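Report on the structure
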Amino acid sequence: MAADALATAMDFYFEDGRPVPAPSAAKRGQLLVDLPTSVGAKVLLLNEKLDRQVTPAKFIRRMNARPQKVSPRSRAPR
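What counts, and where the lines are drawn
Residues numbered from 1 in each chain as written. Predicted model: local features only at pLDDT ≥ 70, side-chain atom pairs only at ≥ 80, totals over all residues. Heavy atoms only, no water. Helix = DSSP H or I, 4+ residues; strand = E, 2+ residues; numbered from the N terminus. Expected span 1.5 Å × (residues − 1). Buried < 20%, exposed > 50% of the residue type's maximum accessible area, 1.4 Å probe, protein only. Arc of directions from axis to C-beta. Contact = heavy atoms within 4.5 Å. Salt bridge = Lys/Arg side-chain N within 4 Å of Asp/Glu carboxyl O. Phe/Tyr/Trp six-rings, centres within 6.5 Å; stacked < 30°, edge-to-face > 60°. Lys NZ or Arg CZ within 6 Å of the ring centre and 35° of its normal.

In this section: helix α1 (residues 2-16). For α1, spanning 15 residues, the distance from its first C-alpha to its last is 22 Å, which sits close to the expected 21 Å at 1.5 Å a residue. Listed in full, the buried residues belonging to α1 are A7, M10, D11, Y13 and F14. Take α1 and look down its axis: the buried residues cluster within an arc of 165 degrees, on one side only. Close packing links the buried residues of α1 with α2 (37-52).

Listed below in structure tokens is the structure:
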């Protein structure tokens, strides 16, 4: 359930267009929860887009995609 909660929390960052902070170092005795690979990739892409200030229109052009195929609110598969 923790993995689902973490992936759901990432959706709030995606929807708001806010950068996802880097994870903190694990402390002794803590259990780690991994993001699904697809969600992790989406986090990296979001943070890079925000860091480089790439607008959705520029992103679509760079991806050589049609606007219908790229949605800022699309959810990553889990």
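Turning our attention to the pattern of salt bridges. Evaluation of the coordinates by the stated rule reveals two salt bridges. Across the pair E48 and R52 runs a salt bridge, and its minimum N-O distance is 2.4 Å. Placement of the pair is E48 and R52 together in helix α2, with a separation of four residues, close to one helical turn. A relative accessible area of 36% places E48 in the partly exposed class.

With that settled, consider the packing of aromatic side chains. Evaluated as defined, the whole model comprises zero aromatic pairs. Sitting over the face of the ring of Y13, R18 holds its NZ or CZ atom 4.5 Å from the ring centroid. The aromatic ring of F59 is capped on one face by K49, whose charged end is 4.5 Å from the ring centroid.

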